[in-house]
2 protein chains.
Amino acid sequence: MSPTRAPKQTTHRGTGFLARGHDHRRCVDAALSRAEDLCAARSVRLTGLRRRVLELIWGSHKPLGAYQILEALRGERPGAAPPTVYRAVEFLVAQGLVHRIESLNAFVGCAHPGESHVSQLLICRACGEAAEIADPRLADTMDRITADAGFLAHRHAVEAVGLCRRCQIGADPE
Amino acid sequence: MSPTRAPKQTTHRGTGFLARGHDHRRCVDAALSRAEDLCAARSVRLTGLRRRVLELIWGSHKPLGAYQILEALRGERPGAAPPTVYRAVEFLVAQGLVHRIESLNAFVGCAHPGESHVSQLLICRACGEAAEIADPRLADTMDRITADAGFLAHRHAVEAVGLCRRCQIGADPE
DNA sequence: CCTGGAAATGTTATATTATAACATTCCGCC
DNA sequence: GGCGGAATGTTATAATATAACATTTCCAGG
């Protein structure tokens, strides 16, 4: 059913950010392949459009806005309009394949699709990349806090804006 | 300089949400008074407009959108326009008097102005109220995670959407 | 097959949120 | 009083998101 998996790429010194020279096509291929599998398992349709939008979002590790996606789609799909994009990302977010970054109004591929997780998104304001950290300590702490408050949490957004290690040490942000 | 402080109101059974019948005028008065003090201490100007916008935001514990604030302002300040509101909230957020809730594009009064804190906003999707929990465990956990990632965090947004205790037990959401 | 109906997409229009740019007023300070 | 920067007024427009209805796709059941 799904092709043989490429070995998982390690993050750049454990930062959640992949090294600059990493084989990004592998990220994309792995993401698309996992998406196919998950959708098949759930009997939901990863249509051509949805697959393409997922691929565009995975085009880099920088969050992509809806209108950037739209612009990219237009070359290949003349009738594309805002609802085209918003409906596709709605599906992808609902399936946990993509995260919406609230503080940017933008979308980024989910690094842990299919696993239930509370993740923290680290957004570098220099290079624009976003890394996803699914640390169990975070999930634990948030569970404890919301439980103490008697709050029944449904959806979490944990976002931090700052500088990734690479950009702190003065590396060229690109 | 600042008037005698009213005793702090306790939250409803420790949930972060105040009891329905609490004396809300006290919340507002306390918030405005703390704001006056903080701005004076920092030599920044809490002008009439800014004070009024802060008061409107504190009008309830429900986050208020910029255009809701605008609508409220218009009755008393005919020339009010979007920049009027956005500039005032920009100031209030910069001074830590108000939080912007990213997932709602809305603003809510900060419960801990002047104290450095990482806070989690609990947003009830039934009653619409937002509670702010400044639990040191959260700050610790996030510090540890970002430190492990070598990330230099600058700004945090931690938001949870769900049901507050009151609304879980079937209380009238209003 | 074929077709009925739901899901997906196309299409047009508009709502909502936010900012740019420049003019005017306010206010502390000399 | 008046200089200069901060705050606000004013007009226009950018950026993000959804409503509403038309059309197409696709597959489950006949």
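For the structure, see preceding data.
These numbers come from a predicted model, not from an experiment.

Enquirer: Residues and numbers for the side chain of His-61 of chain A, please.
Expert: Residue and element names in this part refer to chain A. Along the chain, His-61 turns up in the loop between helix H2 (48-57) and helix H3 (66-74). Assessed through its relative accessible area of 13%, His-61 is described here as buried. A distance of 3.3 Å separates the side chain of His-61 from the side chain of His-24, its partner in a polar contact. Ignoring sequence-local partners within four residues, the contact set of His-61 consists of Leu-18, His-22, His-24, Cys-27, Val-108, Gly-128, Glu-129 and Ala-130.

Enquirer: Tell me about the interface of chain A and chain B, residues and numbers included.
Expert: Listed per partner, the contact involves 38 residues of chain A and 38 residues of chain B. Summing the contributions of chain A and of chain B, the shared interface buries around 3,200 Å²; its carbon and sulfur component is 57%. Contact with chain B buries surface across chain A, with Arg-137, Ile-145 and Phe-151 of chain A losing the most and accounting together for 20% of the total. If you look at where chain A meets chain B, you find two salt bridges. Of the charged contacts, one joins Arg-137 of chain B and Asp-148 of chain A as a salt bridge, the two residues approaching to 2.8 Å between their closest N and O atoms. Counting across the chain A and chain B interface gives 13 residue pairs in polar contact (both at pLDDT 80 or more). Those elements that place two or more of their residues in the side of chain A that touches chain B are strand S3 (120-124), helix H5 (136-148), strand S5 (152-163) and helix H6 (165-168) of chain A. Per element, the largest residue contribution to the side of chain A that touches chain B is twelve residues, and it comes from S5 of chain A.

Enquirer: Give me the lowdown on the protein's contact with DNA strand D, citing residues and values where you can.
Expert: Surveying the vicinity of DNA strand D reveals 18 residues, the closest of which are Tyr-67, Tyr-86 and Arg-100 of chain A together with Thr-47 and Arg-87 of chain B. Counted by atom, the contact set of DNA strand D within 4 Å of the protein is 50% sugar and phosphate. Within the side chain of Tyr-86 of chain A, one N or O atom sits 2.9 Å away from a phosphate oxygen of DNA strand D. One of the side-chain N or O atoms of Asn-105 of chain A is found 3.4 Å from a phosphate oxygen in DNA strand D.

Enquirer: Run through the sheet that holds strand S3 (residues 120-124) of chain B, naming residues and quoting values.
Expert: On the basis of which strands lie adjacent, the open sheet formed by six strands has the order S4(A)-S3(A)-S5(A)-S5(B)-S3(B)-S4(B) and mixed pairing. Looking at which strands have only one partner, the edges of the open sheet turn out to be strand S4 (130-133) of chain A together with strand S4 (130-133) of chain B. The mean angle between the axes of side-by-side strands here comes to 20°, regardless of whether they run parallel or antiparallel. Sheet analysis places S3 of chain A next to S5 of chain A, joined by five bridges and oriented parallel. By the bridge assignment, Leu-121 of chain A is partnered in S5 of chain A with Glu-159 of chain A.

Enquirer: If you had to explain the protein's contact with DNA strand C to someone new, which residues and values would you point to?
Expert: In the vicinity of DNA strand C, 18 residues are found, and the nearest of them are Thr-47 and Arg-87 of chain A together with Tyr-67, Tyr-86 and Arg-100 of chain B. Taken together, the sugar and phosphate atoms account for 49% of what DNA strand C places within 4 Å of the protein. Side-chain polar atom of Tyr-86 of chain B to a phosphate oxygen of DNA strand C: 2.9 Å apart, as the coordinates give it. Arg-100 of chain B is positioned such that a nitrogen or oxygen atom in its side chain is 2.5 Å from a phosphate oxygen of DNA strand C. When contributions to the surface near DNA strand C are tallied by element, the ones reaching two or more residues are H2 and helix H4 (82-94) of chain A together with helix H4 (82-94) of chain B.

Rules behind the numbers
Residues numbered from 1 in each chain as written. Chains lettered and ligands numbered in written order. Predicted model: local features only at pLDDT ≥ 70, side-chain atom pairs only at ≥ 80, totals over all residues. Heavy atoms only, no water. Helix = DSSP H or I, 4+ residues; strand = E, 2+ residues; numbered from the N terminus. Buried < 20%, exposed > 50% of the residue type's maximum accessible area, 1.4 Å probe, protein only. Polar contact = N/O pair within 3.5 Å; in protein donor to acceptor, adjacent residues only side chain to side chain. Contact = heavy atoms within 4.5 Å. Buried area = accessible area lost by both parts, 1.4 Å probe. Salt bridge = Lys/Arg side-chain N within 4 Å of Asp/Glu carboxyl O. Near = heavy atom within 4 Å. Pairing = 2+ DSSP bridges. Axes fitted to C-alpha atoms, helices over the stretch in contact; angles between N-to-C directions.

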